[in-house]
Amino acid sequence: MTERTPIRPRDRDTIVQALAAGVVPRVGLQHIQVGRMLEVGALIKDIDRIADGGSSCRFVIGEYGAGKTFFLSLVRLIALERRCVTIHADLAPDRRIHATGGQARGLYAEAIRNMATRTKPDGGALPSVVERFISDCVKVAHAEKRPVEQVIDERLASIQELVGGHDFAHVLKCYWQGSEDGNEALKASALRWLRAEFPTKTEARQALGVRSIIDDADVYDSLKLLACFTRLAGYTGLLVVFDEMVNIYKLQSSQARNQNFEQILRMVNDMLQGNSEGLGFVFGGTPEFLMDSRRGLYSYEALQSRLAENQFATPGLVDFSGPVVRLQNLSPEEFLILLGNIRAIFALGDPANHLVPDEALDAFMAHCSQRIGEAYFRTPRNTIKAFVQLLAILEQNPALDWRTLIGSVAVDDDPGEDVATAIDGDDELATFEL
Amino acid sequence: MSPLQLTAMMNLPRSSSEGGSGFDLLHPQIQRWVRQQGWSRLRDVQEQAIAAICGSDEDVLISAATAAGKTEAAFLPLLGASAKREQPGVAILYVAPLKALINDQFRRLEDLCDKIELPLVRWHGDAPQGPKTKVMKAPAGVVLITPESIEAMLLRRPATAEALFGALDAIIIDELHSFLQGPRGLHLSSLLNRIELLNDRRPRRVGLSATIGDLEFAARWLSGTAPKPAQILAVAGGAPPLKVQVRTYVEPPDGDPSGDAELDDPLAESALAKIAQHAFEALRGSNNLFFAGSRANVETLADRLRTISENAHVPNEFFPHHGSLSKGLREELELRLKDGRLPTTAVATTTLELGIDIGSVVAVSQLGAPRSLASLRQRLGRSGRREGSSAIFRNYLREPYPAADADPLDKLHFPVIQAVAALNLLRSKFVEPPETDPALLSVSVHQILSLIVQLGALSAGKLYATLCRQGPFATLTKTDFVDLLRGMGNGEVALIEQAPDGSLMLGPEGEKLTASRDFYANFSTDEEWRLVHSGRTLGTLPIVNALVVGSIIGFAGRRWRATGVDDKAKIVEVVPHNTGRVPKFDRLGQEPIHDRLAAELRAVLLSNDLPDYLDDNAKEFLAAGRAAFTLLGLQKSHFIDAGSATHVLTWRGTSANSLLAVLLTSMGFACETFDVGITLTGCPIDDAVDVIASLDGCPPIDDLGRFVENLVVEKYDAYVPEDLLRRLWVRRHQPLRGPMTKLIRELAGMASD
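Numbers given to residues run from 1 along each chain, matching the order in which its sequence is written. Numbering of ligands from 1 and lettering of chains from A proceed in the order in which they are written. The predicted origin of the model limits local features to residues at a pLDDT of at least 70 and limits the giving and counting of side-chain atom pairs to 80 or more, whereas totals for whole chains, interfaces and linings rest on all residues. Heavy atoms from the whole structure form the basis of all side-chain values; hydrogens and water molecules are not counted.

Undergrad: What am I meant to see in the overall build of chain B here?
TA: By the criteria applied, helices consist of DSSP H or I runs no shorter than four residues and strands consist of E runs no shorter than two, each listed in order from the N terminus. When helices and strands are counted, chain B shows 28 helices and 24 strands. Taking 753 residues into account, the globule formula puts the C-alpha radius of gyration at 27 Å, and chain B, at 27 Å, falls close to it. When the backbone C-alpha atoms are referred to their principal axes, chain B occupies close to 80 × 65 × 60 Å. Partly exposed residues are those whose accessible area sits between 20% and 50% of the maximum for their type, while under 20% is buried and over 50% is exposed, using a 1.4 Å probe and protein chains only. Buried residues in chain B amount to 57% of all 753 residues. Residue contacts are defined here by distance: any two heavy atoms, one from each residue, within 4.5 Å place the two residues in contact. Restricting the contact set of chain B to residue pairs at least 6 apart, pairs at least 24 apart contribute 72%. Note that accessible areas follow from Shrake-Rupley with a 1.4 Å probe, and for residues the cover is restricted to the protein chains shown. Of the roughly 30,000 Å² of accessible surface on chain B, 51% is carried by carbon and sulfur atoms. With 80 positive and 91 negative side-chain charges, chain B shows a spacing of 5 Å between the two charge centroids. Only C-alpha atoms enter the radius of gyration; for comparison, a globular chain is expected to reach 2.2 Å times N to the power 0.38, where N is the number of residues. Lys and Arg are tallied as positive, Asp and Glu as negative. Neither His nor the chain termini are counted. To locate a charge, take atom NZ for lysine, CZ for arginine, CG for aspartate or CD for glutamate.

Undergrad: Would you mind going over the pattern of salt bridges with me for this structure?
TA: Any two side chains of opposite charge can pair, on the condition that their charged atoms come close. Within this document, salt bridges are pairs made up of a side-chain nitrogen of Lys or Arg and a carboxyl oxygen of Asp or Glu, the two lying within 4 Å of each other. Applying the stated criterion to the full structure yields 51 salt bridges over all chains. Close ionic contact of A:Glu154 with A:Arg146 constitutes a salt bridge, the shortest N to O distance being 2.7 Å. Look at A:Glu154 and you get partly exposed, because its relative accessible area is 47%. Bridged by salt links that share partners, the residues A:Arg257, A:Arg294, A:Arg295, B:Glu497 and B:Glu511 form one connected network.

Undergrad: It is not clear to me how the packing of helix 17 (residues 414–427) of chain B against helix 22 (residues 595–606) of chain B should be interpreted in this structure. Could you clarify?
TA: Describing two packed helices takes the angle between their axes plus the distance from one axis to the other. All names here are of chain B. Note on geometry: axes are lines fitted to C-alpha atoms, helical ones only across the stretch in contact, with angles between N-to-C directions running from 0 to 180 degrees. Two elements in contact, helix 17 and helix 22, have axes separated by 8 Å at closest approach and are oriented at 110 degrees. By the angle class used here, helix 17 and helix 22 are roughly perpendicular. The interaxial crossing formed by helix 17 with helix 22 has right-handed handedness. Packed against helix 17, whose contacting residues are Phe414, Ile417, Gln418, Val420, Ala421, Ala422, Asn424 and Leu425, the element helix 22 presents Arg596, Leu597, Glu600, Leu601, Val604 and Leu605 at the interface. By residue class, the composition of the contact of helix 17 with helix 22 is 10 nonpolar, 2 polar and 2 charged. For classification purposes, angles smaller than 35 degrees are called roughly parallel, those larger than 145 roughly antiparallel, those between 65 and 115 roughly perpendicular, and all remaining angles oblique. Each crossing is labelled by how the near helix is turned from the far one, with a counterclockwise turn of less than a right angle marking it left-handed and a clockwise turn marking it right-handed. Classification convention: Asp, Glu, Lys, Arg as charged; Ala, Val, Leu, Ile, Met, Phe, Trp, Tyr, Cys, Pro as nonpolar; all other residues, Gly among them, as polar.

Undergrad: What is the right way to look at the packing of aromatic side chains in this model?
TA: Residue and element names in this part refer to chain A. Whether two aromatic rings pair depends on their centres lying within 6.5 Å, for rings of Phe, Tyr and Trp, where Trp uses its six-membered ring; planes under 30 degrees apart make the pair stacked, over 60 edge-to-face, and the rest tilted. Summed over all chains, the structure comprises 18 aromatic pairs over all chains. Consider the rings of Phe281 and Phe283, whose centres lie 5.7 Å apart with planes at 5 degrees: the pair is stacked. Each member of the pair, Phe281 together with Phe283, is buried. One aromatic cluster is present, formed by Phe59, Tyr220, Phe242, Phe281 and Phe283 through successive ring pairs.

Undergrad: It is not clear to me how unusual backbone geometry should be interpreted in this structure. Could you clarify?
TA: Leaving glycine out, the prevailing phi sign among residues is negative, and the prevailing peptide bond configuration is trans. Within the chain, A:Arg83 stands out as a residue other than glycine whose phi angle is a positive 65 degrees. For A:Arg83, the position within the fold is in the loop between helix 4 (68–81) and strand 2 (85–90). Overall, the relative accessible area of 40% leaves A:Arg83 in the partly exposed class. In this structure, B:His413 takes a positive phi of about 55 degrees despite not being glycine. Along the chain, B:His413 turns up in the loop between helix 16 (408–411) and helix 17. Overall, B:His413 belongs to the buried group, its relative accessible area being 8%.

Undergrad: Would you mind showing me how to read the sheet that holds strand 11 (residues 345–348) of chain B here?
TA: Adjacent strands of a sheet pair through backbone hydrogen bonds, lying either parallel or antiparallel. Residues and elements named next belong to chain B. Two strands qualify as a pair provided that DSSP identifies no fewer than 2 bridges between them. Judged by pairing direction, the sheet is parallel, and its 6 strands sit side by side in the order 8-13-12-9-11-10 without closing on themselves. Only two strands of the sheet have a single neighbouring strand rather than two, namely strand 8 (242–250) and strand 10 (318–321). For this sheet the average axis-to-axis angle between neighbouring strands, irrespective of direction, equals 20 degrees. In this structure, strand 10 lies alongside strand 11, joined through 4 bridges in parallel fashion. Opposite Phe318, over in strand 11, you have Thr345 as the bridge partner. Helix-sheet contacts for helix 13 (residues 295–311) involve strand 9 (288–291), strand 10, strand 11, strand 12 (363–367) and strand 13 (391–399), and the interaxial angle to strand 10 is about 165 degrees. Relative to the sheet, helix 15 (residues 373–380) contacts strand 8, strand 9, strand 12 and strand 13, its axis offset from that of strand 13 by approximately 130 degrees.

Undergrad: Which parts of the structure should I look at to understand the confidence of the model for chain A?
TA: Segments scoring low in pLDDT should not have their predicted coordinates read at a detailed level. Residues and elements named next belong to chain A. The predictor attaches a confidence to each residue, called pLDDT, with possible values from 0 through 100. Chain-level statistics for chain A give a pLDDT mean of 86 and a share of 91% at 70 or above. Predicted confidence in chain A is weakest over helix 20 (residues 402–406), with a mean pLDDT of 81, and strongest over strand 3 (residues 238–243), with 97. Low pLDDT, under 50, characterises residues 415–426; the stretch is placed with 9 contacts to residues that sit more than four places away or in other chains.

Undergrad: Would you explain the interface of chain A and chain B in this entry?
TA: For an interface, size is often stated in terms of accessible area lost upon the parts coming together. Listed per partner, the contact involves 20 residues of chain A and 29 residues of chain B. As used here, buried area is the combined drop in accessible area, with a 1.4 Å probe, of two parts when they are placed together. Contact with chain B buries area across many residues of chain A, yet A:Gln252, A:Phe432 and A:Leu434 alone supply 35% of it, more than any other trio. Remark: the boundary between chain A and chain B carries 6 salt bridges. Between B:Glu497 and A:Arg295 there is a salt bridge; the shortest N-O distance is 2.3 Å. Residue composition of the side of chain A that touches chain B, grouped by class: 6 nonpolar, 4 polar and 10 charged.

Undergrad: Would you mind going over helix 14 (residues 254–273) of chain A with me for this structure?
TA: Quick reminder: α-helices carry 3.6 residues per turn. Residues three or four places apart thus point the same way. Residue and element names in this part refer to chain A. The end-to-end C-alpha separation of helix 14 is 28 Å, in line with the 28 Å expected for 20 residues at 1.5 Å each. Taken residue by residue, helix 14 has Ala256, Arg257, Asn260, Phe261, Gln263, Ile264, Leu265, Met267, Val268, Asn269, Asp270 and Met271 as its buried positions. Note on helix 14: the residue one or two positions beyond its end, Gly274, has a positive phi of about 75 degrees. Each residue after the first adds 1.5 Å to the expected span of a helix.

Undergrad: So what exactly am I meant to see when it comes to the nonpolar core here?
TA: A general feature of soluble globular proteins is that nonpolar side chains tend to end up buried together. The biggest cluster of nonpolar side chains holds 85 residues, and the ones touching the most others in it are A:Phe59, A:Trp193, A:Phe242, A:Ile264 and A:Phe281. Ranked by residues supplied to this core, first place goes to helix 12 (residues 219–232) of chain A with 8 residues. If we ignore the near neighbours within four places in the chain, the residues touching A:Trp193 are A:Asp167, A:Phe168, A:Val171, A:Phe198, A:Ala204, A:Leu208, A:Val210, A:Ser212, A:Ile213 and A:Ile214. Take the buried residues of types Ala, Val, Leu, Ile, Met, Phe, Trp, Tyr and Cys, join any two whose side-chain atoms come within 4.5 Å, and each joined set is a nonpolar core. Of all hydrophobic cores here, the second largest spans 72 residues; its members include B:Leu186, B:Leu504, B:Tyr716 and B:Leu725.

Undergrad: Even after reading the chapter, I still don't get the sheet that holds strand 2 of chain A, so can you show me in this structure?
TA: Residues and elements named next belong to chain A. Taken together, 5 strands build an open sheet; the order of strands is 2-3-4-1-5 and the sheet is parallel. In the strand order of this sheet, the two ends are held by strand 2 and strand 5 (324–326), each with one partner. Taking the axes of each pair of neighbouring strands and ignoring which way they run, one obtains an average angle of 20 degrees across the sheet. Strand direction decides the pairing type here: strand 3 and strand 4 (residues 279–285), joined by 5 bridges, are parallel. Bridge pairing links Val241 to Val282 in strand 4.

What follows is the structure in structure tokens.
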């Protein structure tokens, strides 16, 4: 997707800042994205299937810093373009798929908060989705001269058949009631309920008159309800993206891990059998999350058989028919293009403003190869960061020559999130290996 | 308490009565409570505590006798300070080693907390759930808790721990002296650290302790990472009276040569039988504890007491308690004691003095002279807790029949000498000073596992920084820590494993251990060793000395030589070591003896004092022992001629004798340790003197450490690489090298430098 749409100066700063910090920018992904055509293609097919009323389930597996999060952001963007609703959340020690202590509800709540539509790609789209549904019903009611509530009930009939659908529908009607009466508090409560932010049933009953809340055990059912609802609201489907699945691998209790795997199995089964309409899952994780025989998905036998990769697929012969998508490493050529893209961003797309010539790109790659070995292009995050910083210096000091700077570029080894270990220098603990 | 309020109070004119101004510094509601108690004035310790606690934000250590009002001393000012607090979260965390103690304190503080409207919650395994649920919903007030319950919370519900204890004003630690040594104390030290890490602002600490030896050490232990050690308030006097009796019983002339327990020969009237008879009469009808040293003794004694009860047609009140008994049996006994409805006497090894909770008893009895002052105090602390009652201690000693051809050591009558020595030291308030704890590695293993569960997968660096930032764990070097982690991550041990990003997580064995309910506690065990000869088990016994191949062990009236040691299974393979006459006195014990106690034994033998708590037998033996001492010329000499063997009296404690024995054994001499020295078996006195003279001081401890076989002692030591256990053994014994050289010179008759 290398459309050369012009880059807005405002976006440029956002992108540059994000890359310099080593995170995925909110906007402008199309300006950076390189390669991985086949992977993207496979996911596009999934999204089309969802938009058509089918279902899908994918595991996107890549090393830490290999561009997984970037890839997932890109996939979400595409889904939005196809008029899907997307929700996404990162797993964390206190956010997981199955739990009894509120951690699943936490994941769900976070995901709903990040709900996005094409007009609201940055998140917080739940109110607009609900509004859209309601105003649609109101329009129809007015046109057919029927009470709005009747139209709503009619529309929600299919939802009411699903588990938890009754209360879900009731809450939506509360929202409509609130907007009818100008009762902002009621509307806010309805949205709270939908976001699984009510901690107790009592509070929910007092606010909305429903007897249940969305709690740990209801997460999957609520996702199915939501998928159904988005289609009723006029969207094509719901894409759910859960990243940092490695947190399940890191759970310290095998019982907890297995319960999560069982839930994932249920999702995989339902999606692959097409039991749900307009719902798709994408899970992002590291290879150990997938393959570790004691802690990973493969440790759960039923999952291993379903996710086992094509035995004929070797590096070079890729197969995207199975649920597991391995993010292939960028090739050096692709990496060169990536550096060129970054250079273009700095120059706002105008080759005349390039800060460094082409040979600088080659020199940079040679330098990295020397510094951290040929693996540098496998984990782009830190190399990009270093390059962005190089360009930033050059931008602010026009008199400097890039040749002198390249030699002093340092690329960090990727330490992961836990950088805050203030241990001094040559520490056997810092590089400790069992 | 806002600084403004304090200033206002300080400006009030001081009362002219000699009652001091402490009262004025208290919160008005608390003042009301004090008046309602009918107290005419505050006690000394309370005055001092109020001044110290209100006067600064620093840690305070309050040392005073039991029932001197320590609890109020800490709570009166602290409760007042927290009364106006608006921040959510528990204000004061009170930690005590026993549930019974917590229940007692709860009763005392209920009214007081009610007055200032602070919730008061007991938090332990037996506490009611209702108040716990309430305080979890609305964290506030005071929580009374045990270390094990803190561990359980950090493990299973870290979010609750943070919500409750994330904004504490103060932490009170009661019975602080019981935490200064041993695995439980190390555990608490780490727990306090972990709680502190949940807080933005370090909560101040107040320690309550009995009157013990090294207060400076206690103050430093209390303060952990604080820049200054705690302020010490040592308040004298007020100790409850202690009633002591020492009774000596003589074995029959041709009784069991071991002097050990034998089962049911009704005619033999062994010393143990006579002791059982006396105990039956003295202890029936009330709750008591009887510490009998070894499991074999416990079994025989309990059995004898049961038989006596049956023959007297009365219900049995005497029950055994030791590590080999099933958990069900032990818990049954503990519950019965706690219940208090039926009179019960527990006959135990050592387990009942540590943490296992049974409330207070009327009297404490012990078979065999006391070996450790810390232990003795701990045990005595169980009786006489009620206001006005005294602590009662009965020491039952056994002496072999005084035959003319008895081994000279038996003629010194150590049992009664040791009893007197221990009681002398008790009176002088001596307690063994804490040293680098052998349980350090075991508790580190435990805490590493616990931290991984609490905080999730974390890097080696972060683990080290969290655990070893303070206190006793800071003595672990990074190399030690790395070796420990490697050992834990070893494929066979499987306690931890590593994720590709380097963070450490639980391995399969680690998950199993942490999931179990036994995981919360770090008590010392009363493990005994099994002696095996030609495949036959001879029996079990506690061993406190260092074991090397070639160690001589006395058991069942004979000497045995160790040919193989299985540390993890606790088995010593032995062959008989025949060396003629064997001393008959009972040298089995769970605790090592300190140098000071050993020196006091000598002092008792040299003195003429005849304490009146000794019964007639005991007095006789004391006199006889002193006579033998003079006769053997032991004021000047260290050697005793025992025919084919020689006793070398070092008048030092277990570690020194142990070390000397390791040295001599490694040089090929057969030697056995006893409490105040070693015996060179198969070595007549002239040779023995030569042997000692030939020693050139003490070799490097490193060299000696190579021979030591019994390194696995504490609960999780089996998971620590042997190398590391040995390294820390050497480090602990390093300071002994100089004194050992000095001792050797002394023994060799050279002038000490």
